[in-house]
Amino acid sequence: MAEFMLDLVGYTPDQPLYQQRILEPSFGDGVFLLAILRRLLAAARRAGVSELAGAIRAVELHSETFEATHRAVVALLQQEGFSRHLADQWLIQGDYLLCSLEGPFHYVVGNPPYVRMETVPPTLLAEYRKRYATMYDRADLYIPFIERSLSLLAEGGALGFICADRWVKNRYGAPLRQYVADNFHLKIFLDMAHMPAFRSKVAAYPAIVVISREAPGPTRVVRPASLEPGQLTRLAEVLRASTLPEGSGVRVAQVTRGAAPWLFLAPEQRALLERLERSFPSLEEAGCRVGIGVATGADQAFIGDFEALEVEPDRKLPLVTTQDIGSGEVRWGGKGLINPFSETGDLVDLRCYPRLRAYLEARREVIASRHYAQRFPAQWYRTIDRIVPSLARTPKLLIPDIKGRPHVVFEPGRLYPHHNLYHITSESWDLRALQAVLLSAVAHLFVAAYSTQMRGGYLRFQAQYLRRIRIPPWASVPQNIRQALLEAAQKRDVSACNQAAFRLYGLSEEESAVLERLYAST
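Reading the values: rules and limits
- Residues numbered from 1 in each chain as written.
- Predicted model: local features only at pLDDT ≥ 70, side-chain atom pairs only at ≥ 80, totals over all residues.
- Heavy atoms only, no water.
- UniProt positions renumbered as here; feature names shortened; annotations may be inferred.
- Helix = DSSP H or I, 4+ residues; strand = E, 2+ residues; numbered from the N terminus.
- Buried < 20%, exposed > 50% of the residue type's maximum accessible area, 1.4 Å probe, protein only.
- Contact = heavy atoms within 4.5 Å.
- Areas by Shrake-Rupley, 256 points an atom, 1.4 Å probe, with all protein chains shown as cover.
- Lys, Arg positive; Asp, Glu negative; His and termini not counted.
- Charge placed at Lys NZ, Arg CZ, Asp CG, Glu CD.
- Pairing = 2+ DSSP bridges.
- Axes fitted to C-alpha atoms, helices over the stretch in contact; angles between N-to-C directions.
- Salt bridge = Lys/Arg side-chain N within 4 Å of Asp/Glu carboxyl O.
- Domains from an automatic or database assignment.
- Buried area = accessible area lost by both parts, 1.4 Å probe.
- Polar contact = N/O pair within 3.5 Å; in protein donor to acceptor, adjacent residues only side chain to side chain.
- Nonpolar A, V, L, I, M, F, W, Y, C, P; charged D, E, K, R; others polar.

- The name that an unreviewed UniProt entry assigns to the protein chain is site-specific DNA-methyltransferase (adenine-specific), with the source organism given as Meiothermus ruber.
- Under the Catalytic activity (unreviewed entry) heading, UniProt states for the protein chain: "a 2'-deoxyadenosine in DNA + S-adenosyl-L-methionine = an N(6)-methyl-2'-deoxyadenosine in DNA + S-adenosyl-L-homocysteine + H(+)".
- According to the UniProt record, the Sequence similarities (unreviewed entry) comment for the protein chain is "Belongs to the N(4)/N(6)-methyltransferase family."

Rendered as structure tokens:
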């Protein structure tokens, strides 16, 4: 993979690499760094050049990793007949986001670290936020790595990173997308979500981006069919060619559009999506509300068999989980949720509920060890998310987070949703009719466009993507289409849902066929 990415950015031994500068911002065990070094030394030997002090800068935070890779670099230098002291000039042990670096660089290549912001000490996180404008919302640390790396690029220089793909569509990636759209050219995007791109198993779903400091333009988009080295070499040649050969499998699209999510749809799919967005209000604008079920932070304490939870009757709620809706209908498994909140949203006074108090005190060690409880010890017994008891009594549609296709289940108003279940309520739309729309290929188009894709072709049906779905106001839906939607939902007949939804949106035969092909491909 390192060799492939160096090919993509043009860092090849036939170039005068000894006259250029390359940066590796998080070199770890040296996969990229050693590949860079081999190419640089080959180019330098061919030209008879030995002065290479300015050719590489590489940074690593962890001292043990730094020392191990430093030894590997020294060994390679000595093996190839170059001064071992180059390693001391090239390698920097420190925090890439804080250390001093003198740019610019013609190339920046690597795999920035995937570190969740929750694991970063607050004072350090505050310093990162002060320095990097793209550290927005819940951005992970690879976001400022990309920002700093782009800022260090020379005119015409290229960045090649393999990293998590979430930023290209998620909320927290918006400032970075804007920065790229305003100042750079997203030249290449490789979707690697379905490929084992890393040697070790990782939770993140990767993509390869090549971004250059030049005028913005269209992007070459591809999903590699194989990671076999020979095929990757040929793919790099295709992607760098001035003209794409016929049958290359590479699409060309205008991907960047300000801070908006990057869409990688086929042209006819994107055209339909944009027409629907122009023509109809969003789900919430049409009178629906999207939410997520409760996260407790200590399910083993707050959740148990409903009948066995020894608390006052009004201090527990029947809980619906992802497992309860797998069949397409709710089949309650008997779980219950401890509810420490009143109807007004305040924590109840435990002195008024002796059975609840005894139950919680018996589990205090687990409950009070949570991060929230340590920050707010007086509220040690609250769940992470506030519980709104009236939600259990409200009819709702339930949608699990991760699915290949929409899975939407009607719940008549008896159960409270658990975390990883999203819920939709409405006082205007008939929920059964809305269920048919959300089961259809139309809703699938919106989620497929805006969701990050997971291995196996699965999508995330998160609130931020569900809110992207467009629907007409219920008052504007003709009676015959209302009836068709209701009948399709009651039968859970996806084909009937599609046909009713196509009529609802006034789709042409060609547009309907576009959606049917997309739906069938997942």
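**Notes on the overall build of the protein chain**
1) Next: Scanning the protein chain from N- to C-terminus turns up 19 helices and 19 strands.
2) Next: Its C-alpha atoms put the protein chain at 80 × 60 × 35 Å along the principal axes.
3) Next: Taken across its 522 residues, the protein chain has 56% of its residues classed as buried.
4) Next: Considering only contacts in the protein chain between residues 6 or more positions apart, those separated by 24 or more positions represent 74%.
5) Next: On the protein chain, roughly 23,000 Å² of surface is accessible, and the fraction owed to carbon and sulfur atoms is 50%.
6) Next: Taken together, the 61 basic and 55 acidic charged side chains of the protein chain have centroids lying 1 Å from each other.

**Let's talk about the sheet that holds strand β17 (residues 416-417)**
1) Next: Taken in spatial order, the 4 strands line up as β11-β13-β12-β17 in an open sheet, and their pairing is mixed. The open sheet has two edge strands, β11 (303-305) and β17, and neither has a second partner.

**Section: the sheet that holds strand β18 (residues 421-426)**
1) Next: In spatial order, the strands read β10-β18-β14-β16; together these 4 strands make up an open sheet with antiparallel pairing. Looking at which strands have only one partner, the edges of the open sheet turn out to be β10 (288-292) and β16 (409-411). With strand direction ignored, the average angle separating the axes of adjacent strands in the sheet is 30 degrees.
2) Next: The sheet contact formed by strand β14 (residues 396-400) and β18 spans 4 bridges and is antiparallel.

**Remarks on the pattern of salt bridges**
1) Next: For the structure on display, the rule yields 20 salt bridges.
2) Next: In this structure, Glu274 and Arg270 form a salt bridge, with 3.1 Å as the shortest nitrogen-oxygen distance. With a gap of 4 residues between them, Glu274 and Arg270 both fall in helix α9 (residues 267-279), about one helical turn apart.
3) Next: With a closest N to O distance of 3.8 Å, Arg315 and Asp314 form a salt bridge.
4) Next: In this structure Asp314 comes out as partly exposed when scored by relative accessible area, which is 43%.
5) Next: Within this structure, Glu3, Asp7, Arg38 and Arg39 form a network of salt bridges that share partners.

**A word on the domain arrangement of the protein chain**
1) Next: One can read the domain layout of the protein chain as domain 1 (1-258) and domain 2 (288-349 + 383-521).
2) Next: Taken over C-alpha atoms, the centre of domain 1 sits 40 Å from the centre of domain 2.
3) Next: Between domain 1 and domain 2, the contact holds 15 residues from the first and 10 residues from the second.
4) Next: Across the interface of domain 1 and domain 2, roughly 990 Å² is buried in total on both sides, 39% from carbon and sulfur atoms.
5) Next: Connecting domain 1 to domain 2 are 0 salt bridges.
6) Next: One can count 5 residue pairs in polar contact (both at pLDDT 80 or more) joining domain 1 with domain 2.
7) Next: Counted by class, the side of domain 1 that touches domain 2 contains 6 nonpolar, 2 polar and 7 charged residues.

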